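# A look at the structure
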Amino acid sequence: MRILVVDDEARLADGLRRGLEAEGFAVDVAATGPDGLWLAREQQYAVILLDIMLPGMSGYRVCETLRAEQNWTPVLMLTAKDGEWDQVEALDTGADDYLSKPFSFAVLVARVRALIRRGAVDRPRVLEAGDVRLDPSTRQVWRGEAAVSLTAREFAVLELLMQRPGDVFSKKQILEGVWDFDFDGDPNIVEVYVRHLRNKLDRPFGRDGIQTLRGAGYRMAVDGG
């Protein structure tokens, strides 16, 4: 099986290449983001080991681009950054796993073998309601041909509503689905986010996609409004 290592630390990349070859893998190495992206497009790999801090294009951007192009090769992010938000960003851009430097080579090989056993994950279904489209994998939303920029929480509320267009979701269901079961804040926060969504997704286009059913909750119109 062939593995792609994308890392600009020459000594580490060479060590990974030699170690993985000793484990029976064929290995290609790239030292920049653009080179790694080119190889990932041109060659079929079992796993991509991808550093985050790369010349030319970050690992985040490489991974995000591959996922947008429907390339679902498993990606294991490698980075010296170990903050929780770095991990969140890595996974949100489409990475399958995350390993902070310095790491145990034995652990890395175990993670690689686990990703190979899992295989490439199928692309999540794009959700649609009329001319509104939501792509869970790239976290992008469109109204017709126009891209609509949403915050993470706005995206989560819309994703919930678009899972079943036409169905009514109560405030409680939205709170439990987007926040958590133990949320003890003001339930009117749901109204705030619905208003934000309308201001971005409906009003600029003269549409009424996110509808209120008084006393019941909210729904996404089947035809997108």
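Please refer to the structure placed before this passage.
Residues numbered from 1 in each chain as written. Predicted model: local features only at pLDDT ≥ 70, side-chain atom pairs only at ≥ 80, totals over all residues. Heavy atoms only, no water.

The buried count for helix α3 (residues 59-68) comes to seven of ten residues, which makes it a mostly enclosed element. Two residues or fewer after α3 comes Q70, characterised by a positive phi angle close to 65 degrees. (Buried < 20%, exposed > 50% of the residue type's maximum accessible area, 1.4 Å probe, protein only. Helix = DSSP H or I, 4+ residues; strand = E, 2+ residues; numbered from the N terminus.)

At a closest axis distance of 10 Å, the pairing of helix α6 (residues 152-163) and helix α7 (residues 171-178) adopts a crossing angle of 120 degrees. Taken together, the axes of α6 and α7 lie oblique to each other. Here the hand of the crossing between α6 and α7 comes out right-handed. Facing R153, A156, V157, L160 and L161 of α6, the residues of α7 in contact are Q173, I174 and V178. For the contact of α6 with α7, a count of residues per class yields six nonpolar, one polar and one charged. (Axes fitted to C-alpha atoms, helices over the stretch in contact; angles between N-to-C directions. Parallel < 35°, antiparallel > 145°, perpendicular 65-115°, else oblique. Left-handed = near helix turned anticlockwise from the far one by under 90°. Contact = heavy atoms within 4.5 Å. Nonpolar A, V, L, I, M, F, W, Y, C, P; charged D, E, K, R; others polar.)

Attention now goes to the sheet that holds strand β1 (residues 2-6). Taken together, five strands build an open sheet; the order of strands is β2-β1-β3-β4-β5 and the sheet is parallel. Edge positions in the sheet fall to β2 (26-30) and β5 (97-100), since each of these pairs with one other strand and no more. Going from strand to strand, the sheet's axes swing by 20 degrees on average, the running direction of each strand aside. For strand β4 (residues 75-79) and β5, the ladder comprises four bridges, and the chain directions are parallel. What sits directly across from T79, in β5, is S100. Strands in contact with helix α1 (residues 10-22) are β1, β2, β3 (47-51) and β4; relative to β2, the strand with the most contacts, it is inclined by about 170 degrees. (Pairing = 2+ DSSP bridges.)

Any link to function would need more than the numbers given here.
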